Amino acid sequence: MKARASEVFVGRAGELGELERALEAARAGMGETVLVAGEAGIGKTRLASEVARRARGAGFEVFVGRSIDLVGTELPYLPFAEAFRPLGEPWRAARQAAGSQLGVFEATLALLTGRAAAAPVLLVLEDLHWADTSTLDLVVFLTHNLHERPVLLLATCRADEPASAARMRRLAEGVRRSGSALVLELGPLGRDELTALLAVRAGASLPTAVTDTIVARSEGNPFFAEELLAAAGDGGGELPRGLRDLLLQRVARLSHPAQALLRLAAAAGREVRYPLLRAITELAEGELRDSLRQAVEHGILVAEPETGSFRFRHALLAEAVYATILPGEREGLHAWLAGELARGGMAGAAELAPHWAAAGRPAEAFAASVEAARQAEAVFGLAEAHAHLERVLALWPAVPDAAGLAGIDPAGLCAWTAGLASHVGAAPRAVELARRAIELVGSEDPHRAALLQVDLGEYLYEIESDDAALAALERAVELVPAEPPSAERAYALGSLAGGVMVAWRHAESLPIG
C-alpha cells in the first residue's frame, strides 16, 4: 500500500542514524535518553513519530505523552499520565501510594522496568518546554537510572521559548551528566532536503519560483515550509508576510461556525475531547461535525481516534487562533469552558484555575487554585503547588472572605507558600514571604510568631545570610516566655542551639535552654 504524502519522512538521515543506534542499544539492555531540541516547527514531533513507528515495527512497546500549555495547567507529571493512560490503574495507584516524590520516581522506574521485561520500551515525551518541574525532575532521574535497562527515553523540547530557556538548560545539563544520554539539536533542513519535502507534499514537482520563495521564507523550517506551500496551493494570491498571518488566512477559509469552534478549542488550552466540544458549543451536532471535518481537512485540527479527541496540528496554530479572540469574548469563553468542565467532572482543579482566572472570576480561580495546590502537594508536585499558591496570594485582595474560602488566614498562606518556595529552591522568595507572615501575626500571638521566626532563620541560612538567620532564631526565643513551659519555646531554643553550633560557637550552645 502506498504511503500518504504526510506519512513520508524526508531528511534527518544523521539524526535518524543516531536514534536507530540508541534503539539497538536499548534492545541490548543498554538504556539511554535522547533529548531532541529545536525551534517550533523544526520537525521534532515528526522525527519522534518516525522513531516510534520504527520502534513498533522492531517489537518495542511504545508509550507517548505530551505536555500541553496554552493557558498554563501546572499539572504534575502530565506527560507521564498521558503516556501511561493505556495501562489504566497501575501507575496512578503507584504514584498515589508512593509516600514521597522519590517514591513517585522509583515507582515510575519500576513500572518501566517491569514492562521492559517482556519487550524493550520506547517512552516518548513531547514538548517538555511546557512540562511542570516535577516532570522535568523525573526525566532527569530516569536518565540517571535507565542505563542497564532495555528502555529508550526520547524527549523533545523547544529551544526558542524565552520563558522556559533556563529550565531547558537545566534539563539538558541534568541529562548530559548521566553519561548515558544524547542531546540532538535539530537545525534547519538544507535546501535539497526542503525541496524534496515540498515535492513529496505537493505530489509533483513545483515551479522553481515557488520552491525558491518557500525555501527562502521558511529558512529551513519544515512546518513553516508546509504552511507556505498550503497557502500557495490554495490560490490565496501573494504569500503572506508572516507565519501567523498565513495561519489565520488558512483559518479564514473555514465557515464562520468552524472558526468559532476553533476559538473555543484554542481557549480550552488542551487536547479537546469530542464530548466537551459538544457540551460547550451552541452548534447542532450535525453542524459541529461538519465544522470539525472542515478543520481536519484543512490541516488545522488532527483527529485522535484512540482518545476520541481533537488537537491542533501545531501549537503555533492554536496560539494564532487564540490571539484572535477579542477582549470580553475571551473572558466569556473561559467562563463557559470552566463551567462545563466543572459540571461534567472533566477537569481537576489545576485545569480549572487558569480558566477561571482568564475569565476574570477571581473567587472561583482562588478556590480552584487552593485545591490544586493541596492536590499537587499531596503527590509531591511541590513546584506546581508553589505556583498555585502564588496565584492565590495574587488573587487574595480581590476575593471577599478569602480566609474563609481558603480555610487559612493570610499569615498561614504566606507561611505555607514560603515553605514550598524553600523546597523548590526559591529561598529569597521564602524569606520575603516569611517576613510578611511575621508582620501579619504581629504581637498578638507570640508563640506563632516564634515559629515563623524559626522558619525565617532557616530560609536566611539558605541564602547564606548567617548573621541575620541567627538573629531571627534569637528573636524566636525572645518572643516566647519561659513560663509556663511550651513546645514553641523548646523548639525555638533547640533551633537557636543548632544555629550557634553552625556558627562554630559550640561552648555557647551548651547552656541554651
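Scroll up to find the structure.
Summary of the structure given here. Within any chain, residue numbers begin from 1 and follow the written order of that chain's sequence. Local features in this predicted model are restricted to residues of pLDDT 70 or higher, and side-chain atom pairs are both shown and tallied only at a pLDDT of 80 or more, whereas totals for entire chains, interfaces and linings draw on every residue. The basis for the side-chain values is all heavy atoms of the structure; hydrogens and waters are excluded.

## Comments concerning the overall build of the chain
And then number 1: Helix and strand assignments come from DSSP, with helices taken as H or I runs of at least 4 residues and strands as E runs of at least 2, each series counted from the N terminus. Of the regular secondary structure elements, the chain holds 26 helices and eight strands.
And then number 2: The buried share among the 513 residues of the chain stands at 49%.
And then number 3: We call two residues in contact when some of their heavy atoms are within 4.5 Å. Sequence separation of 24 or more characterises 68% of the internal contacts of the chain that already satisfy a separation of 6 or more.
And then number 4: Residue-level accessible areas treat just the shown protein chains as cover; the underlying method is Shrake-Rupley with a 1.4 Å probe. Working note: accessible area of the chain is about 23000 Å², and carbon and sulfur atoms make up 54% of it. Throughout this description, buried means an accessible area under 20% of the type-specific maximum (1.4 Å probe, protein chains only), exposed means over 50%, and partly exposed covers the range between.

## Looking at the sheet that holds strand S7 (residues 301-304)
And then number 1: Reading across the sheet, the three strands line up as S6-S8-S7 and stay open at both edges, with antiparallel pairing between neighbours. The sheet is open, and its two edges are formed by strand S6 (272-273) and S7, each paired on a single side.
And then number 2: Across two bridges, S6 lies against strand S8 (residues 309-312) in antiparallel orientation. Each bridged residue has a counterpart across the sheet, and for Val272 the counterpart in S8 is Phe310.
And then number 3: Only the contacting stretch of a helix is used when fitting its axis, a line to C-alpha atoms as for every element, and angles between N-to-C directions run 0 to 180 degrees. Of the strands in this sheet, S7 and S8 touch helix H14 (residues 285-297), which is tilted by about 110 degrees from S7. Note on pairing: DSSP must find at least two bridges between two strands before they are called paired.

## Regarding the packing of helix H12 (residues 256-268) against helix H16 (residues 329-344)
And then number 1: Viewed as axis vectors pointing N to C, H12 and H16 meet at an angle of 70 degrees, and their least axial separation amounts to 10 Å. The angle between H12 and H16 falls in the class roughly perpendicular. Note on packing geometry: the crossing formed by H12 with H16 is right-handed. Judged by residue contacts, Arg263, Leu264, Ala267 and Ala268 of H12 engage Glu329, Leu333, His334 and Leu337 from H16.
And then number 2: Its residues placed into classes, the contact of H12 with H16 shows five nonpolar, one polar and two charged. In what follows, roughly perpendicular refers to angles from 65 to 115 degrees, roughly parallel to angles under 35, roughly antiparallel to angles over 145, and oblique to any angle outside these ranges. Throughout, a crossing is termed right-handed when the near helix is turned clockwise from the far one, and left-handed when it is turned anticlockwise from it by less than a right angle. Charged residues are taken to be Asp, Glu, Lys and Arg, nonpolar residues to be Ala, Val, Leu, Ile, Met, Phe, Trp, Tyr, Cys and Pro, and polar residues to be all remaining types, Gly included.

## Remarks on the environment of Leu301
And then number 1: You can see Leu301 is positioned in strand S7.
And then number 2: For Leu301 and Arg311, which are ten residues apart along the polypeptide, the C-alpha to C-alpha distance reads 5.4 Å.
And then number 3: Setting aside chain neighbours within four positions, we find Leu301 in contact with Leu262, Leu292, Ala295, Val296, Phe310, Arg311, Phe312 and Arg313.

## Brief notes about the nonpolar core
And then number 1: Grouped together as the largest cluster of nonpolar side chains are 89 residues, with contacts concentrated most on Leu262, Leu292, Phe312 and Phe366.
And then number 2: Tallying contributions element by element places H12 first for this core, with eight residues.
And then number 3: Counting residues in each nonpolar core, the second largest holds 36 residues, with Leu35, Leu109, Val139 and Val175 among its members. Nonpolar cores are built from buried Ala, Val, Leu, Ile, Met, Phe, Trp, Tyr and Cys residues. Side-chain atoms within 4.5 Å join them into one set.

## Quick look at the pairing of strand S1 (residues 32-38)
And then number 1: For S1, a buried count of seven out of seven residues is recorded, marking the element as mostly surrounded by other parts of the structure.
And then number 2: Both faces of S1 are covered, namely the face carrying Glu32, Val34, Val36 and Gly38 and the face carrying Thr33, Leu35 and Ala37.
And then number 3: By the bridge criterion, seven bridges tie S1 to strand S4 (residues 151-158) in an arrangement that is parallel. Looking at S4, one finds that Glu32 is bridged to Leu152.
And then number 4: Relative to strand S5 (residues 181-185), S1 is paired through five bridges, and the arrangement is parallel. What sits directly across from Leu35, in S5, is Val183.

## Comments concerning the packing of helix H18 (residues 362-378) against helix H19 (residues 382-395)
And then number 1: The N-to-C vectors of H18 and H19 enclose an angle of 155 degrees; their axes lie 8 Å apart at closest approach. Classified by the angle between their axes, H18 and H19 sit roughly antiparallel to one another. Note on packing geometry: the crossing formed by H18 with H19 is left-handed. Together, Pro362, Ala365, Phe366, Ser369, Val370, Ala372, Ala373, Ala376 and Glu377 of H18 and Leu382, Glu384, Ala385, His388, Leu389, Arg391, Val392 and Leu395 of H19 make up the contact between the two elements.
And then number 2: Of the residues contributing to the contact of H18 with H19, the split by class is twelve nonpolar, two polar and three charged.

## Section: unusual backbone geometry
And then number 1: Of the consecutive residues Glu483 and Pro484, the connecting peptide bond is found in the cis state with omega at -5 degrees.
And then number 2: With respect to the helices and strands, the residue Pro484 is situated in the loop between helix H24 (466-479) and helix H25 (487-502).
And then number 3: Unusually for a residue other than glycine, Tyr77 sits at a positive phi of about 65 degrees.
And then number 4: By the element assignment, Tyr77 lies in the loop between strand S2 (61-66) and helix H3 (78-83).
And then number 5: Unlike most non-glycine residues, Asp127 shows phi in positive territory, near 60 degrees.
And then number 6: Structurally, the position occupied by Asp127 is in the loop between strand S3 (121-126) and helix H6 (133-143).
And then number 7: Using a relative accessible area of 16% as the deciding quantity, one classes Asp127 as buried.

## Side note on the packing of aromatic side chains
And then number 1: Geometry of aromatic contacts follows a simple scheme: Phe, Tyr and Trp rings, the Trp one being its six-membered ring, pair when their centres are within 6.5 Å, and the pair is stacked under 30 degrees between planes, edge-to-face over 60, tilted otherwise. Across all of its chains, the model carries five aromatic pairs by this definition.
And then number 2: For the ring pair Phe80 and Phe84, a centre distance of 6.3 Å and an interplane angle of 40 degrees mean the geometry is tilted.
And then number 3: An angle of 45 degrees between the planes, with centres 5.4 Å apart, marks the rings of Phe105 and Phe141 as tilted. Linking Phe105 in helix H5 (residues 101-116) with Phe141 in helix H6, this pair joins segments that are 36 residues apart in sequence. You'll find Phe105 and Phe141 in the same group, each marked buried.
And then number 4: Ring pairing ties together the aromatic residues Phe63, Phe80 and Phe84, which thus form one cluster.
And then number 5: For a lysine, the NZ atom is tested; for an arginine, the CZ atom; a charge sits over a ring if that atom is within 6 Å of the ring centre and within 35 degrees of the ring normal. Taking the ring centre of Tyr322 as reference, the NZ or CZ of Arg330 above it sits at 4.4 Å.

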